[in-house]
Amino acid sequence: YGDEGLNAAAELALKDAVAAAPSGACAAIAGGQLARLAALPLFDAGTGDQVRQAAAAFDSPIAVLATHLRSKAVSKALLAELRCERAELLMAAGLRLSDPRLYEAAIAELDKLTVRLDAAYEPLARARTVALAASARVGFGRILCRIEDIAEGVEMLVAALDTVTPDHSPLD
């Protein structure tokens with residue numbers, strides 16, 4: 001949350017939320033935010049294995065939240081947010097470490113998510129996902145010196161921006 005004191009306070013509150021209802025959607029939401037907080041230092045430092053381990057910490061909260069989608073206790077946008085945060089971690093580390101495998105993992109995650117989001121009902125979440133996937137492809141192409149991946153990423157970014165028109169409903 002930008003400040004070590006705030007991060008520590010958030011961590012305590014999130015752990016309390018998990019303890020209060022360990023099997024519910026609230027615990028999964030709190031677990032996802034705990035995974036995000038734990039991953040923050042890895043945006044600037046850490047090995048590829050540490051990043052993969054931090055990314056794997058998102059698995060359980062994402063799986064639990066996915067089970068709550070049918071009950072409407074959780075929105076697709078919330079689930080998409082967690083998946084995007086994991087992809088951002090992988091992308092930042094991929095850039096920092098020049099590791100195309102981290103970009104590949106982010107691209108796979110984002111492509112899978114993009115298919116699940118409907119532009120008519122989740123336009124902002126889908127646009128964000130496509131924009132991140134585009135950025136991941138550009139980074140991947142940059143590391144491997146493959147212009148076709150960079151061009152594909154640029155085309156995807158333009159397409160993502162075209163889907164969110166000035167008159168869209170911001171109720172995503």
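Residues numbered from 1 in each chain as written. Predicted model: local features only at pLDDT ≥ 70, side-chain atom pairs only at ≥ 80, totals over all residues. Heavy atoms only, no water.

Peer 1: Explain the nonpolar core to me, and be specific about the residues and the numbers.
Peer 2: Ranked by internal contacts, the top residues of the largest apolar core, which has 28 residues, are Val51, Leu89, Leu90, Met91 and Leu110. Once residues within four sequence positions are removed from consideration, methionine 91 is found in contact with Tyr103, Ala106, Leu110, Leu132, Ser135 and Ala136. If you look at the next biggest cluster of nonpolar residues, it comprises nine residues, including Ala28, Ala35, Leu65 and Leu79. (Core = buried A, V, L, I, M, F, W, Y, C linked by side-chain atoms within 4.5 Å. Buried < 20%, exposed > 50% of the residue type's maximum accessible area, 1.4 Å probe, protein only. Contact = heavy atoms within 4.5 Å.)

Peer 1: Now, about the pattern of salt bridges: what can you tell me, with residues and values included?
Peer 2: In this structure the tally under the stated criterion is 14 salt bridges. Among the salt bridges present, the one from glutamate 85 reaches arginine 36, with a minimum N-O distance of 3.9 Å. Linking glutamate 85 in helix H5 (residues 76-97) with arginine 36 in helix H2 (residues 25-39), this pair joins segments that are 49 residues apart in sequence. Judged by relative accessible area, which is 18%, arginine 36 ranks as buried. For aspartate 59, the salt bridge identified is with arginine 86, shortest N-O distance 2.3 Å. Separated by 27 residues along the polypeptide, aspartate 59 in helix H4 (residues 59-67) and arginine 86 in helix H5 bring together distant segments of the chain. Each of Asp49, Arg52, Asp99 and Arg101 takes part in one network of salt bridges that share partners. (Salt bridge = Lys/Arg side-chain N within 4 Å of Asp/Glu carboxyl O. Helix = DSSP H or I, 4+ residues; strand = E, 2+ residues; numbered from the N terminus.)

Peer 1: Can you explain the environment of arginine 142? Please cite residues and give values.
Peer 2: Structurally, the position occupied by arginine 142 is in helix H7 (residues 123-144). For the pair formed by arginine 142 and serine 98, sequence separation is 44 residues and the distance between their alpha carbons is 9.2 Å. Contacts of arginine 142, omitting those with residues within four sequence positions, involve Leu95 and Ile150.

Peer 1: Which residues make up unusual backbone geometry, and what values do they have?
Peer 2: One non-glycine residue, serine 98, adopts positive backbone phi at about 50°. Within the fold, serine 98 resides in the loop between H5 and helix H6 (100-116). Positive phi outside glycine occurs at cysteine 145, with the angle close to 55°. You can call cysteine 145 exposed: its relative accessible area is 70%.

Peer 1: Lay out H7 in plain terms, naming residues and giving numbers.
Peer 2: Here H7 is 22 residues long and its end C-alpha atoms lie 31 Å apart, about the 32 Å a rise of 1.5 Å per residue gives. Positive phi shows up at cysteine 145, right after H7, with a value of about 55°. (Expected span 1.5 Å × (residues − 1).)

Peer 1: So what's going on with the confidence of the model for the protein chain? Which residues, and what values?
Peer 2: With 96% of its residues at a pLDDT of 70 or more, the protein chain has an overall mean of 90. Model confidence for the protein chain, summarised as mean pLDDT per element, is weakest for helix H1 (residues 4-20) at 88 and strongest for helix H3 (residues 48-56) at 97. (pLDDT = per-residue confidence, 0-100.)

Peer 1: Help me get a handle on the environment of alanine 19, residues and values and all.
Peer 2: Counting through the fold element by element, alanine 19 comes out in helix H1. Distance in space between the C-alpha atoms of alanine 19 and aspartate 99 is 37 Å, their sequence separation being 80 residues.

Peer 1: Now, about helix H8 (residues 147-163): what can you tell me, with residues and values included?
Peer 2: Taking 1.5 Å per residue, 17 residues should reach 24 Å; H8 reaches 25 Å between its end C-alpha atoms and fits that length. Looking only at H8, the buried set comprises Asp149, Gly153, Met156 and Ala160. Looking straight down H8, one finds its buried side chains confined to an arc of 65°; they lie on one side. Opposite the buried face of H8, at more than 90 degrees from it, the exposed residues are Ile147, Glu155, Leu161 and Asp162. Residues of H8 that are buried make contact with H7. (Arc of directions from axis to C-beta.)

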